[in-house]
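# Results of the structural survey
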Amino acid sequence: MQGDQANFLLHGVFLDLLQRESATTKRVIEAIPAGKGDYRPDPNAMSAMELAWHIASAEMRFLNAVINGEFDFSPAEKPEASKNPQALAAWYAENFQQRIDKVAALSGDQLAKPVDFRGMFQMPAVMYLSFSNNHGVHHRGQLSTYLRPMGGKVPAIYGESYDSKAAKQAAG
């Protein structure tokens with residue numbers, strides 16, 4: 001991949017997509033009912049807050065890899081915010097914005113640089129934005145299925161949800 005191609009992918013495809021998906025991810029994390037973060041649908045499943053942290057921290061790991069041109073797989077230190085849905089959503093939004101601003105400023109050559117992922121993939125850095133988005137959408141879908149059994153409401157994700165439509169009708 002050439003730098004101009006990587007630049008086009010970032011600015012013509014990924015930046016707007018990632019901004020929209022980030023806002024959706026934030027809404028899903030915020031929708032975890034207070035005091036219900038330990039909910040898990042199966043003993044082998046992650047709890048709601050574990051899954052929310054996985055989504056948020058993995059996205060930061062992917063963005064950092066694009067920025068730094070390499071992955072750092074050392075364990076991510078959980079902030080105090082990771083224990084509360086509202087605080088985690090705020091942490092996620094702030095950290096996403098800081099990193100996406102850095103990604104947006106990268107040169108085409110930096111975006112085109114091959115980056116190794118655990119010896120399984122060697123892709124241009126910019127392509128990990130797509131990988132990250134797919135990973136986040138997958139796990140966000142899992143988390144959204146936890147919400148109603150926890151007593152929460154499913155926010156609009158791709159169009160209205162039943163709950164967002166009902167809230168809109170109730171409001172007027």
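Please refer to the structure higher up on the page.
Residues numbered from 1 in each chain as written. Predicted model: local features only at pLDDT ≥ 70, side-chain atom pairs only at ≥ 80, totals over all residues. Heavy atoms only, no water.

### Here we look at the overall build of the protein chain
Counting secondary structure elements, the protein chain contains six helices and two strands. Order of helices (α) and strands (β) in the protein chain, N terminus to C terminus: α-α-α-α-β-β-α-α. Projected onto the principal axes, the alpha-carbon positions of the protein chain cover approximately 50 × 40 × 25 Å. For the protein chain, with 172 residues in total, the buried portion stands at 44%. Contacts in the protein chain between residues far apart in sequence, at least 24 positions, make up 67% of those at least 6 positions apart. Here the protein chain displays about 9200 Å² of accessible surface, and carbon together with sulfur accounts for 52% of that area. (Helix = DSSP H or I, 4+ residues; strand = E, 2+ residues; numbered from the N terminus. Buried < 20%, exposed > 50% of the residue type's maximum accessible area, 1.4 Å probe, protein only. Contact = heavy atoms within 4.5 Å. Areas by Shrake-Rupley, 256 points an atom, 1.4 Å probe, with all protein chains shown as cover.)

### Let's talk about unusual backbone geometry
In the Ramachandran plot, Arg 118 falls in the positive-phi region, its phi being about 55 degrees despite a non-glycine side chain. Tracing the backbone shows Arg 118 in the loop between strand 1 (114-117) and strand 2 (121-124). Residue Arg 118 is classed as exposed on the basis of its relative accessible area of 53%.

### Some details on the packing of aromatic side chains
One pass over the full model with this rule turns up 15 aromatic pairs. With a centroid separation of 5.3 Å and 50 degrees between ring planes, the pair formed by Phe 62 and Phe 131 is classed as tilted. Of this pair, Phe 62 sits in helix 2 (residues 48-68) while Phe 131 sits in helix 5 (residues 127-147); the two residues are 69 residues apart in sequence, bridging distant segments of the chain. Between Phe 71 and Tyr 128, the ring centres sit 5.1 Å apart and the planes meet at 80 degrees, which makes this aromatic pair edge-to-face. Within this pair, whereas Phe 71 is found in the loop between helix 2 and helix 3 (85-104), its partner Tyr 128 is found in helix 5, the two being separated by 57 residues in sequence. An aromatic cluster is built from Phe 62, Phe 71, Phe 73, Phe 117, Phe 121, Tyr 128 and Phe 131, whose rings are joined through pairwise contacts. When the ring centre of Phe 73 is taken as reference, the NZ or CZ atom of Arg 118 above it lies at 3.8 Å. Between the NZ or CZ atom of Arg 118 and the centre of the ring of Phe 117, over which it lies, the distance is 6.0 Å. (Phe/Tyr/Trp six-rings, centres within 6.5 Å; stacked < 30°, edge-to-face > 60°. Lys NZ or Arg CZ within 6 Å of the ring centre and 35° of its normal.)

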